[in-house]
Amino acid sequence: MLFHSYPFIFCFFPLLLLVWRLAGTAGPSRFALILLLFSAGFYALWDAGFLLLLAVLITMNYTFGLALAVPDERFAAKKSGMSRKGLLSLALILNLLPLVWFKYSDFLAQNLALLFQTGWTWNTPGLPLGISFYTFIQIAWLVGVYQRRTEPAGLARHALFSSCFPYVISGPIVRYEQMGSQFDALCPHTSEGIARGITLFSIGLAKKILLADSIALYANAVFNAADSALPLSGAEAWLGSLCYTFQLYFDFSGYTDMAIGLGLMLGLRLPENFDSPYKSTGIVDFWRRWHITLGSWLRDFLYIPLGGNRAGRLIQYRNLFLTMFIGGIWHGAGWTFVIWGTLHGAMLCVNHFFRAQIKDKMPEKILKTSLCRLACIALTFFCINACWVVFRATTLKGAVVVYTAMFTCPFAAAQEDGALLPNNYFQGWQPYALLLLCALLVWAFPNSRELLRGRADGSFPKFAWRASGFWATGLAVLTFITLILVSRKSTFLYFQF
């Protein structure tokens, strides 16, 4: 069951809101129990078998958490022969094993078979929904307990924190420090929470259905052709790459809006995860705006433990590169993701080096002028768009076909008739209108957070959200149009990660 499916929109979530309402003035523990039961039901509707796996991991981690929370004196007195650090290491390994098994075993088997020239075959086990996300969430909780920043608050609380359905399947990657106090204060929903939540959910639904799924048709046509070694002109390759770049933007942005909107309707404030990343003026800036909670997780649990920037620039660049390399592998088991992570790691190092060279000098002041900022945004978008090609391609061969068409001779036709678009991947005016609309929304309009909560400096855009008839009517029309097209089969791109 997906957030943008009819069963979720017309059955599951309305039923949850009704039960929430009937709970009346019940205490936070009653609301937490309701949310836990519905989260378990939501996950079980996807696959009951994987719900059992999730339950086992939650129980295992809570047991480790209880052991790690024992005071140092009592822990030493047990004489178990294992230090707290060793216990934490064991817990982390046991958490990563299912992720490796379900996500990477097929990739490893294929490459070992290739290396040893054997005929090994491997049937890929199904990927449990959200396994990457709930694994990261629980690792952060275990480290928090180990560092004595977090106290285990009961198995039911840990189960709710680890499985809460608005974020467990595709993020944001939350920390217990962000959610624990909110679970303690669950209460009947307010009219403002409902209004803001419905607004954000409707905007996210429209982004997903009207923009991401519509433009995906053209991106798929180009990349499927490349994977099949069909002819591709330079113009088609560029248009296809742009279509995927905007598809991923509105797919992920739409999911994030829907998740945060669902949380608001239940009185939960989930962390921001998306802040107009295509307005970034550099790769460093991009990773502060794209998948914000993943970036902060990689920083806190990978980059800093590797040494961060504490041992000089060369070590810092090594740590940056390794962090993005592993971040690329996290996105998927394939050489295309390895290359994507490597490219971003290299670009981050170059960007950090450049920033260090111009810091407090004249070039830094010049780059802050409006014209130079626009040039930086354009250059950053060009690099990001180029990297999304290898991220989207299902094979290395397909990525090479697209890159060759894009850069060898961008405006050359692939067939003898000389047309720039000879293969009918783009027909009619719709793909160009969609690309133009996407570009306008990305660069000329405020994002969802700015519409509802204002900008970082405290100001609000002119077209900010208000509880008014104008906004209610506009959203009702937008939602009605969107719901008509919901029947198209699609899933969120980040579900596969």
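Here the structure is a predicted model, which means the values were calculated and not measured. (Residues numbered from 1 in each chain as written. Predicted model: local features only at pLDDT ≥ 70, side-chain atom pairs only at ≥ 80, totals over all residues. Heavy atoms only, no water.)

Draft legend 1. Structural context of the packing of helix 11 (residues 234-265) against helix 17 (residues 370-392). Across the interface, helix 11 lies against helix 17 with an axial gap of 9 Å and an inter-helix angle of 90°. In terms of their interaxial angle, helix 11 and helix 17 are classed as roughly perpendicular. Listed contacts from helix 17 to Trp238, Ser241, Leu242, Tyr244, Thr245, Phe246 and Leu248 of helix 11 are Phe381, Phe382, Asn385, Trp388, Val389, Phe391 and Arg392. Within the contact of helix 11 with helix 17, the residues separate by chemical class into 10 nonpolar, 3 polar and 1 charged. (Axes fitted to C-alpha atoms, helices over the stretch in contact; angles between N-to-C directions. Helix = DSSP H or I, 4+ residues; strand = E, 2+ residues; numbered from the N terminus. Parallel < 35°, antiparallel > 145°, perpendicular 65-115°, else oblique. Contact = heavy atoms within 4.5 Å. Nonpolar A, V, L, I, M, F, W, Y, C, P; charged D, E, K, R; others polar.)

Draft legend 2. A look at the side chain of Thr150. Along the chain, the position of Thr150 falls in the loop between helix 6 (131-146) and helix 7 (155-163). We classify Thr150 as buried; its relative accessible area is 4%. Ignoring any residue separated from it by four or fewer positions in sequence, one finds Thr150 in contact with Trp141, Gly144, Val145, Tyr176 and Glu177. (Buried < 20%, exposed > 50% of the residue type's maximum accessible area, 1.4 Å probe, protein only.)

Draft legend 3. Focus on the UniProt feature "transmembrane region" (unreviewed entry) in the protein. UniProt annotation of "transmembrane region" (unreviewed entry) refers to residues 6-23, 52-70, 82-102, 122-143, 329-350, 371-391, 429-446 and 467-487 when read in the numbering used here. The span residues 6-23 is 94% helical and 0% strand by assignment, and the distance between its end C-alpha atoms comes to 25 Å. From the first C-alpha to the last, residues 329-350 spans 21 Å; its make-up is 86% helix and 0% strand. (UniProt positions renumbered as here; feature names shortened; annotations may be inferred.)

Draft legend 4. Fine view of the nonpolar core. By size, the foremost hydrophobic cluster in this structure holds 147 residues, and its most contacted members are Phe3, Phe8, Phe165, Tyr278, Trp290 and Trp388. Examining the composition of this core, we find that 17 residues originate from one element, helix 11, more than from any other. Beyond its immediate chain neighbours, meaning those up to four positions away, Phe8 contacts Met1, Leu2, Phe3, Phe13, Pro14, Phe42, Phe165, Phe201 and Leu262. (Core = buried A, V, L, I, M, F, W, Y, C linked by side-chain atoms within 4.5 Å.)

Draft legend 5. Quick peek at the layout of surface pockets. If you add up the space inside the largest pocket, you get close to 1,300 Å³. Taken together, 38 residues form the lining of the largest pocket, with Val284, Asp285, Asn351, His352 and Arg355 sitting closest to its centre. Contributions of two or more residues to the lining of the largest pocket are made by helix 12 (283-286), helix 13 (292-306), helix 14 (313-331), helix 15 (335-358), helix 16 (362-367) and helix 17. Take the lining of the largest pocket: its biggest share by element is 9 residues, from helix 15. (1 Å grid on protein atoms, 1.4 Å probe; cavity = no way out; pocket = protein on both sides within 12 Å on 5 of 7 lines; lining within 4 Å. Points joined across faces, edges and corners; volume = space filled by probe spheres on them.)

Draft legend 6. Representation of the environment of Tyr104 in the model. One can find Tyr104 in helix 5 (residues 84-115). Once the C-alpha coordinates of Tyr104 and Trp141 are considered, the two residues, 37 residues apart in sequence, prove to be 24 Å apart. Leave out the neighbours within four places in its chain, and Tyr104 touches Leu99, Ile329, Trp330, Gly332 and Ala333. A polar side-chain atom of Tyr104 sits 2.9 Å from the main-chain carbonyl oxygen of Ile329. (Polar contact = N/O pair within 3.5 Å; in protein donor to acceptor, adjacent residues only side chain to side chain.)

Draft legend 7. Inspection of the side chain of Arg392 at higher detail. Mapped onto the fold, Arg392 is located in helix 17. No salt bridge forms around the buried Arg392; measuring N to O, its nearest opposite-charge neighbour Asp227 is 4.7 Å away. At a separation of 3.0 Å, a polar atom in the side chain of Arg392 contacts the side chain of Asn220. Apart from the residues within four sequence positions on either side, Arg392 is in contact with Asn220, Phe223, Asn224 and Tyr244. (Lys, Arg positive; Asp, Glu negative; His and termini not counted. Salt bridge = Lys/Arg side-chain N within 4 Å of Asp/Glu carboxyl O.)

Draft legend 8. A look at the pattern of salt bridges. Considering all chains together, one arrives at 12 salt bridges under this definition. Of the charged contacts in the structure, one is a salt bridge between Glu177 and Arg149, with a shortest N-O distance of 2.0 Å. Remark: Arg149 occurs in the loop between helix 6 and helix 7 and Glu177 occurs in helix 9 (residues 176-184); sequence separation between them is 28 residues. By relative accessible area, which is 43% here, Glu177 ends up partly exposed.

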